[in-house]
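Inside the fold
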Amino acid sequence: MADLVQMKIPKTYDEQILNLQEKHGLIIADCAKAKEILKTVNYYRLSAYGIDLLDKQTDKYREGTSLEQIYSLYQFDSRLRNIISPVIEYVEIRLRSCISYHLAIKYGAECYRDRSFFKPWISGVFGKDMFDVFNERVDAEIRKQSKKPMVVHHMQKYEGHFPIWVVVLSLGALSTLYSLMKREDQKAIALNFQTGFVYVKSWFAALVEIRNICAHYGRLYNMPLNSLAKLPPKESQYANSRLFTDCLALKYIMHGESIWNTFVLNLRAIIDECPDVNL
């Protein structure tokens, strides 16, 4: 039997503070305040915001780095998630509306159940057809919301049949559905955003990742992202794996709508209020 990995021994708040000071060289001017911070945000979660402030060779924080500075990064990131979440929600609802309307008018109310309206077989999880995986997710969501009036109504009156405009699809499910759609249908949806389908497809994936990070209170600030939003040629110099690229994609999706303008104003406000945050 292989040896068990030795886990780290849990530390009290006082031991955590001492470890930050002596082992990592972090400046902590007020231990009482530091303890309150660690009670609010646990040591492990907070330390993630200090990674970029570490000297990789010594494993100590750069000279002059304080706990308050790291906590400021954490607060900035929290506020960043709070202002971007409503924008993602708005986009999600808009995309759902565009897709359900287009598919319903062209193919019928329960079109998402008919394989012939979508691309040929696409390999998904464990080699299963992505079309089948998508419909399994739909069924799982219906079961999850089985007590909601909308679901009860369709179960009783329509024998469990749900039109596409009623089915509640997550942003991830919408992304999957869009990737399953035929090219001409993808292009039709992209016209709603005055762009090409290749851009919309990448924006879907990027926004799904951001939404999941926000939903699980993950870190957005200076965090490398896995899904890269494709940008038009005139903006291509800004394409990278950070949030700014996805914000540019959001700008194209929103086309100057009021909720986008509010987001920009809020973003400027938190940047002005957190001058120590390195952008």
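The following paragraphs examine the structure supplied in this document.

Rules used throughout
- Residues numbered from 1 in each chain as written.
- Predicted model: local features only at pLDDT ≥ 70, side-chain atom pairs only at ≥ 80, totals over all residues.
- Heavy atoms only, no water.
- Helix = DSSP H or I, 4+ residues; strand = E, 2+ residues; numbered from the N terminus.
- Rg over C-alpha atoms; globule rule 2.2 N^0.38 Å.
- Buried < 20%, exposed > 50% of the residue type's maximum accessible area, 1.4 Å probe, protein only.
- Contact = heavy atoms within 4.5 Å.
- Arc of directions from axis to C-beta.
- Polar contact = N/O pair within 3.5 Å; in protein donor to acceptor, adjacent residues only side chain to side chain.
- Core = buried A, V, L, I, M, F, W, Y, C linked by side-chain atoms within 4.5 Å.
- Salt bridge = Lys/Arg side-chain N within 4 Å of Asp/Glu carboxyl O.
- Phe/Tyr/Trp six-rings, centres within 6.5 Å; stacked < 30°, edge-to-face > 60°.

1. Focus on the overall build of the protein chain
- In terms of regular secondary structure, the protein chain is built from eleven helices and two strands.
- N-terminal to C-terminal, the α/β element order of the protein chain is α-α-α-β-β-α-α-α-α-α-α-α-α.
- Taking 2.2 N^0.38 as the reference for a compact globule, 279 residues should give roughly 19 Å; the C-alpha atoms of the protein chain span a radius of gyration of 23 Å, well beyond that estimate.
- Counting the 279 residues in the protein chain, one finds 41% classified as buried.

2. Re the environment of Ile 270
- With respect to the helices, strands and loops of the structure, Ile 270 is situated in helix H11 (residues 258–273).
- You can call Ile 270 buried: its relative accessible area is 3%.
- Once the C-alpha coordinates of Ile 270 and Leu 80 are considered, the two residues, 190 residues apart in sequence, prove to be 7.8 Å apart.
- When near neighbours in sequence (up to four residues on either side) are disregarded, Ile 270 contacts Phe 76, Arg 79, Leu 80 and Ile 83.

3. As for helix H2 (residues 31–40)
- Within the sequence span of H2, burial applies to Ala 34, Ile 37 and Leu 38. Viewed end-on, H2 has its buried residues packed into an arc of 95 degrees, placing them on one side of the element. Away from its buried face, by an angle of more than 90 degrees, H2 presents the exposed residues Ala 32 and Thr 40.
- At its buried positions, H2 is contacted by helix H1 (13–22), helix H3 (43–47) and helix H4 (67–107).
- Among the residues of H2, the N-terminal cap falls to Asp 30, whose side-chain oxygen and the backbone nitrogen of Ala 32 are separated by 3.1 Å.

4. Observations concerning the nonpolar core
- Counting residues in each nonpolar core, the largest one holds 83 residues, and the members touching the most others are Leu 46, Ile 84, Ile 99, Leu 103 and Tyr 178.
- Looking at this core element by element, the count peaks at 18 residues for H4.
- Aside from chain neighbours lying at most four places away, what touches Leu 103 is Gly 108, Cys 111, Phe 118, Ile 164, Leu 177 and Met 181.

5. Details of the environment of Ile 84
- Considering the arrangement of structural elements, one finds Ile 84 in helix H4.
- The exposure class of Ile 84 is buried, given its relative accessible area of 0%.
- Sequence spacing of Ile 84 and Ala 215 is 131 residues, and the spatial spacing of their C-alpha atoms is 11 Å.
- Not counting residues up to four positions away in its chain, the partners in contact with Ile 84 are Ile 210, Cys 214, Leu 220, Leu 243, Cys 247, Leu 250 and Phe 263.

6. A few points about the pattern of salt bridges
- The tally for this structure, following the rule as stated, stands at 13 salt bridges.
- As a salt-bridge pair, Glu 257 and Arg 94 come within 2.9 Å of each other at their nearest N and O atoms. Within this pair, whereas Glu 257 is found in the loop between helix H10 (243–254) and H11, its partner Arg 94 is found in helix H4, the two being separated by 163 residues in sequence.
- One salt bridge in this structure joins Lys 251 and Glu 235, with 3.4 Å as the shortest N-O distance. Residue Lys 251 is located in helix H10, and its partner Glu 235 is located in the loop between helix H9 (197–215) and H10; the two are separated by 16 residues in the primary sequence.

7. Some remarks on the packing of aromatic side chains
- Throughout the structure, instances matching the rule amount to ten aromatic pairs.
- On the basis of an interplanar angle of 40 degrees and a centroid distance of 6.3 Å, the ring pair of Tyr 199 and Trp 203 is categorised as tilted. Highlighted residues: Tyr 199 and Trp 203, both in helix H9, separated by four residues, approximately one helical turn.
- By relative accessible area, which is 15% here, Tyr 199 ends up buried.
- Judged by its relative accessible area of 2%, Trp 203 is buried.
- Ring geometry for Trp 260 versus Phe 263: centroids 5.3 Å apart, planes at 40 degrees, classification tilted. Taken together, the positions of Trp 260 and Phe 263, both in helix H11 and three residues apart, correspond to about one turn of that helix. Across the pair, Phe 263 and Trp 260 agree in class, each one buried.

8. Some words on the side chain of Ser 100
- Looking at the element boundaries, Ser 100 is found in helix H4.
- Within the structure, the side chain of Ser 100 is placed 2.9 Å from the backbone oxygen of Arg 96, a separation counted as a polar contact.

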